[in-house]
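Chain by chain, the residues run as shown.
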Amino acid sequence: MALEPFQQSAALSLGVELELQLVNTHDYDLAPYSDEMLRLMANFELPGAVVPEMTSAMIEISTGVCQSSSQVMAELSQIRDALVKCADKLNIAIVGGGTHPFQQWHERRIYDKPRFHELSALYGYLSKQFTIFGQHVHVGCPDADSALLMLHRMSRYIPHFIALSASSPYVQGHDTQFDSARLNSVFAFPMSGRAPYTLSWDEFGKFFAKTTRTGVVKSMKDFYWDIRPKPEYGTIEIRVFDTPLTVERAAALAGFVQSLASWFLHEQPFIPVEDDYMVYTYNRFQACRFGLDAVYVDPVTGLHMPLREHIAMTLRAIGDHARQLGASAGVQLLGEDAELGTNDARWLREKQARERLLAEVTRQGAMRFRGRG
């Protein structure tokens, strides 16, 4: 199978996808109501799309093509409000977060869709353990080679994205001691991790031809990389974010990505090299484990510094671009959180320390998602 051509898209355009939890309002465990939700949501005229996900207690929403993080916020809010109305009719609730705090993976049901059944047959129990919830951010690139350059530049900031979005400290009723335990589940898949270091679409096409010739993959969908090119959209897709607890934070993270992309395109601050990836896995682990308290290793100098310090440096560097794109408010919010060490994982732990009941934490998370918490 040949690699499809890289389509044209508006540089710096945005698209956001959010995978969300469906929970009952009795004990706030996951509830297999995606079919019912999809039927009710079909009555609304909304931007973007609402689709099923791997298991039947999940649902994915997406914006259309947006030009700014404020447009992302407007579209996510519109979809969120419709979701809440439909959920109320079914006496269920919608929750953000990268993992459900206490669901048991063996109780999940694979959604009845051919691709999901194929993945279940291939990956076995991992498919049900893939009941995890992420935010994906697409950013438009001028052309295919620019997309690959953008991808490898963004890779230096994977720890920043993980720590700022981390919202999965609990798995099956236990505190994992990770701020983002969700990504441990992703890492179990054979085609996860980082994209190969290629800076031209021709070179990437040769890599794709080799992998398809071996039969290991059939299409770009089979790559679960942290960032992957999406030729059909003319974008790169960043996949390491946990789903935030609020659409406001989701929009702020999209604004951060767009501001970084603008900095890359207009200032060309550095050229990535393959040696950048020598510290990639270490930095990624640090961010998953410790969140905003992680250590960040600069791939060029080898200097160790607090991740929150590097986030502050980065936000100063992209400040003008954030202002020009109208993303300043969200980026400033993320900067304040980095300084204080506050992310959604910390919010969840603080609630659990007070409530001592993960079902109540999940209930409060549902209120927070609908804008009341």
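Note that the structure is a prediction, hence the values are computed from the model and not measured.

Caption draft 1: Quick peek at the overall build of the protein chain. Scanning the protein chain for helices and strands turns up 15 helices and 13 strands. Dimensions of the protein chain, computed from the C-alpha atoms along their principal axes, are close to 55 × 45 × 35 Å. In the protein chain, which comprises 373 residues, the proportion classed as buried is 59%. Counting only contacts in the protein chain whose residues sit at least 6 apart along the sequence, the fraction spanning at least 24 positions is 77%.

Caption draft 2: Representation of the packing of aromatic side chains in the model. Inspection of every chain in the model, using the stated rule, returns 15 aromatic pairs. When the ring of Y277 is compared with that of Y280, the centres are 5.3 Å apart and the planes differ by 55°; the resulting orientation is tilted. Look at Y280 and you get buried, because its relative accessible area is 8%. Joined through ring pairs, the aromatic side chains of F6, W201, F204, F207, F208, F223 and W225 make up one cluster. Seen from the ring of F270, R156 lies directly overhead, with NZ or CZ sitting 3.8 Å from the centre. The ring centre of F178 lies 6.0 Å from the NZ or CZ of R289, which sits over that ring.

Caption draft 3: Spatial organisation of helix α11 (residues 307-317). Residues of α11 that are buried: L307, H310, I311, T314 and L315. Viewed end-on, α11 has its buried residues packed into an arc of 140°, placing them on one side of the element.

Caption draft 4: Summary view of the state of the cysteines. Under the criterion given, the structure shown has 0 disulfides. C141 takes part in no disulfide bond, and the closest cysteine sulfur to it belongs to C66, at a distance of 16 Å.

Caption draft 5: Spotlight on the pairing of strand β3 (residues 58-62). Extensive coverage of β3 is indicated by the burial of 5 of its 5 residues. Side chains M58, E60 and S62 project from β3 onto one buried face, and the interleaved I59 and I61 project onto a second face that is buried too. Bridge count for strand β1 (residues 14-24) against β3 is 5 bridges, and the pairing is antiparallel. When the sheet's bridge partners are listed, L20 is paired in β3 with I59. Relative to β3, strand β2 (residues 49-52) is paired through 4 bridges, and the arrangement is antiparallel. Its bridge partner being in β3, P52 is matched across the sheet by I59. Taking the residues that link successive antiparallel strands as the turn, the β2-β3 hairpin has 5 residues.

Caption draft 6: Broad picture of the side chain of Q364. Summarising the element assignment, Q364 is placed in helix α15 (residues 358-369). Excluding residues within four positions of it along the chain, Q364 makes contact with W347, K351 and E355.

What counts and how
- Residues numbered from 1 in each chain as written.
- Predicted model: local features only at pLDDT ≥ 70, side-chain atom pairs only at ≥ 80, totals over all residues.
- Heavy atoms only, no water.
- Helix = DSSP H or I, 4+ residues; strand = E, 2+ residues; numbered from the N terminus.
- Buried < 20%, exposed > 50% of the residue type's maximum accessible area, 1.4 Å probe, protein only.
- Contact = heavy atoms within 4.5 Å.
- Phe/Tyr/Trp six-rings, centres within 6.5 Å; stacked < 30°, edge-to-face > 60°.
- Lys NZ or Arg CZ within 6 Å of the ring centre and 35° of its normal.
- Arc of directions from axis to C-beta.
- Disulfide = S-S within 2.5 Å.
- Pairing = 2+ DSSP bridges.

As far as function goes, none of this settles anything; it's purely spatial.
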